Amino acid sequence: MDLVPDWDRNGVIDQADREKVTDTDPFRWWFNDDDDEDAVSGDDRAGASSPDFDNTVIDSERDLVDFFPLFLDLKSCLEAFNDLSTIEVKLTHENDALKFVYTDLLPEDSGDYLRESNLTTGFGSNFDQAPGEADTVAIGTALSEVFLTKIRDEDKGVLLLEGASNSSSILDKPLKLEVSRSGSQLFEFEMPLRLGPVTDMYRVEDFSPVADSNLSSITASGEPALYPDSLTNDRTFMHVHGFKISQDQSLAWHNEIFKRLHQLGSNAKFVGVTWHGDTAPDYHKAVYQAFKTSENLNQRLGSYSNITIAAHSLGNVVISNAMEKHQFDPL
């Protein structure tokens, strides 16, 4: 019996994911506190006034990136009960900082909610909804007998979970699974868990004050509090936004790119590069500031190794000029 997340984020929960979560190395996830509207629009800034967790549905396909799959390996336990209506199984969390979604997925298909675009059913309390439309259930609610039957008889048992808080602090309380009968607890076990703001999972290099001294830096280049370097490899992924993006909006871009790469299994250190390109309608001023920024970014490139860079629009001027000026070590 166990609670098994997709530790390596490869879309399959299997033996390779077991026994990875420990007290000293808990599973780590972010709060679903942005505001996705539909498949192509939304506000990806953390701390939204109408956060996605604060309702009872998944907010379109766009919102699915904020959920992680969890396999409840309870088959051997549930096979001891002919009548599952006599027991109560529930997930609990001391901070109530989670919600879950029922799925009809097998553990070997646990990533299909993200990777398959043609799913129209199999999600939600009645297992008849598409993943982007399914209802969410508050943590602490007893799991349905139908779902328990699927675990016992069909080898299923995958739930999707979201972080249901917009706290600025990291929450370290474990996720618990409790099994009771006639009001008496039969057993309980835990999965160590850390939940927090997604901005505590990656680095930010902010060069906005280079162009405008009135702007305060939002640089956070130290080791991320929620996702330490020990969980990453020797590679770095750097994201640079383009024209007409404010500091606040840049974090939204970084948040979303980080989440999507993380869900795809990236273990590279993620660095979001912010610069003052918010000069609309004066595009030429932004071009000047892109070159000015690049001279400072050039000095920071040496702090990272094996860099892969993705830049949008005018962000390519920032990074290409920085790379041209940077003295890379010869191969």
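Above this text sits the structure in question.
Residues numbered from 1 in each chain as written. Predicted model: local features only at pLDDT ≥ 70, side-chain atom pairs only at ≥ 80, totals over all residues. Heavy atoms only, no water.

Participant: Help me out: how do you make sense of the sheet that holds strand β1 (residues 2–5) in this one?
Facilitator: By definition, the strands of a sheet pair up through backbone hydrogen bonds, in either a parallel or an antiparallel sense. Taken in spatial order, the five strands line up as β1-β5-β9-β7-β8 in an open sheet, and their pairing is antiparallel. Because the sheet does not close on itself, it has two edges, and the strands there are β1 and β8 (137–138). By the bridge criterion, four bridges tie β1 to strand β5 (residues 67–73) in an arrangement that is antiparallel. Opposite Val4, over in β5, you have Phe71 as the bridge partner. (Pairing = 2+ DSSP bridges. Helix = DSSP H or I, 4+ residues; strand = E, 2+ residues; numbered from the N terminus.)

Participant: Whenever I open this one, the sheet that holds strand β13 (residues 203–206) confuses me. Can you help?
Facilitator: With parallel pairing, the four strands of this open sheet are ordered in space as β13-β15-β14-β16. Edge positions in the open sheet fall to β13 and β16 (307–311), since each of these has one partner strand only. Each adjacent strand pair in this sheet contributes to an overall mean axis angle of 20°, direction not counted. Two strands pair when backbone bridges link them, and strand β14 (residues 236–240) and β16 are joined in this way by five bridges, in the parallel orientation. In the strand pairing of β16, His239 is matched with Ala310. The strands touched by helix α7 (residues 315–325) within the sheet are β14 and β16, with β16 carrying the most contacts at an inclination of about 150°. (Axes fitted to C-alpha atoms, helices over the stretch in contact; angles between N-to-C directions. Contact = heavy atoms within 4.5 Å.)

Participant: How should I be thinking about the side chain of Thr232 in this particular structure?
Facilitator: With respect to the helices and strands, the residue Thr232 is situated in the loop between α4 (208–211) and β14. Only 2.7 Å separates the side chain of Thr232 from the backbone oxygen of Asp229, close enough to count as a polar contact. For Thr232, the residues in contact, after removing those within four places along its chain, are Tyr227, Asn267, Ala268 and Lys269. (Polar contact = N/O pair within 3.5 Å; in protein donor to acceptor, adjacent residues only side chain to side chain.)

Participant: I tried to follow the nonpolar core on my own but got confused; where do I start?
Facilitator: Here is a general trend for soluble globular proteins: nonpolar side chains tend to be buried in one another's company. Counting 49 residues, the largest nonpolar core has Leu3, Leu72, Leu143, Leu159, Leu175 and Leu177 as its most contacted members. What Leu72 contacts, discounting residues up to four positions off in sequence, is Asp2, Leu3, Leu143, Phe147, Ile151, Lys156, Gly157, Leu159 and Leu177. Ranked by size, the runner-up nonpolar core spans 15 residues in total, among them Ala286, Leu297, Ile319 and Ala322. (Core = buried A, V, L, I, M, F, W, Y, C linked by side-chain atoms within 4.5 Å. Buried < 20%, exposed > 50% of the residue type's maximum accessible area, 1.4 Å probe, protein only.)

Participant: What exactly am I supposed to notice about the environment of Pro281 here?
Facilitator: Structurally, Pro281 is set in the loop between β15 (269–274) and α6 (283–300). Judged by its relative accessible area of 83%, Pro281 falls in the exposed class. Measuring from C-alpha to C-alpha, the distance between Pro281 and Phe243 comes to 10.0 Å, with 38 residues separating the pair along the chain.

Participant: Mind showing me how you'd approach the side chain of Asn32 here?
Facilitator: On the secondary structure map, Asn32 appears in the loop between β2 (27–30) and β3 (35–38). The exposure class of Asn32 is buried, given its relative accessible area of 0%. Of note is the side chain of Asn32, whose polar atom sits 3.1 Å from the side chain of Asp63. Ignoring sequence-local partners within four residues, the contact set of Asn32 consists of Pro51, Asp52, Phe53, Asp63, Asp66, Phe67, Glu162, Gly163 and Ser165.

Participant: Looking at this structure, how should I read the packing of aromatic side chains?
Facilitator: One pair of aromatic rings is described through two measures. These are the centre distance and the angle between the planes. All told, the structure shown has 15 aromatic pairs when counted by the stated rule. When the ring of Tyr102 is compared with that of Phe127, the centres are 5.8 Å apart and the planes differ by 55°; the resulting orientation is tilted. Here Tyr102 is found in strand β7 (residues 98–102), whereas its partner Phe127 is found in the loop between α2 (112–115) and β8, with 25 residues between them in sequence. Note on Phe127: relative accessible area 11%, which makes it buried. Aromatic rings pair up to connect Trp7, Phe27, Trp29, Trp30, Phe68, Tyr202, Phe237, Phe258 and Phe270 into one cluster. Of note, Lys150 hangs over the ring of Phe127, and the distance from its end group to the ring centre comes to 4.8 Å. (Phe/Tyr/Trp six-rings, centres within 6.5 Å; stacked < 30°, edge-to-face > 60°. Lys NZ or Arg CZ within 6 Å of the ring centre and 35° of its normal.)

Participant: It is not clear to me how unusual backbone geometry should be interpreted in this structure. Could you clarify?
Facilitator: Note: most peptide bonds trans; most residues except glycine with negative phi. A cis amide bond links Ala280 to the next residue, Pro281, at an omega of 5°. The phi dihedral of Glu19 is positive, around 60°, even though this residue is not glycine. Along the chain, Glu19 falls in the loop between β1 and β2. Although it is not a glycine, Lys244 adopts a positive phi angle of roughly 70°. Mapping Lys244 onto the fold places it in the loop between β14 and α5 (247–263). Judged by relative accessible area, which is 52%, Lys244 ranks as exposed.

Participant: I tried to follow the pattern of salt bridges on my own but got confused; where do I start?
Facilitator: Pairing of side chains with opposite charge becomes possible as their charged atoms draw close. On inspection of all chains with the given rule, the structure shows 20 salt bridges. Residue Asp248 is joined to Arg45 by a salt bridge in which the shortest nitrogen-to-oxygen separation is 2.7 Å. Here Arg45 lies in the loop between β4 (41–43) and β5 and Asp248 lies in helix α5, a separation of 203 residues in the sequence. Taking the relative accessible area as the measure of exposure, Asp248 reaches 41% and is therefore partly exposed. A relative accessible area of 32% places Arg45 in the partly exposed class. Between Lys150 and Asp104 there is a salt bridge, with its nearest N and O atoms 2.8 Å apart. Here the residue Lys150 occupies a position in helix α3 (residues 145–154), and Asp104 occupies one in the loop between β7 and α2, the gap between them amounting to 46 residues. You can call Lys150 buried: its relative accessible area is 13%. By sharing partners, the salt bridges in this structure join Asp104, Lys150, Glu154 and Lys156 into a single network. (Salt bridge = Lys/Arg side-chain N within 4 Å of Asp/Glu carboxyl O.)

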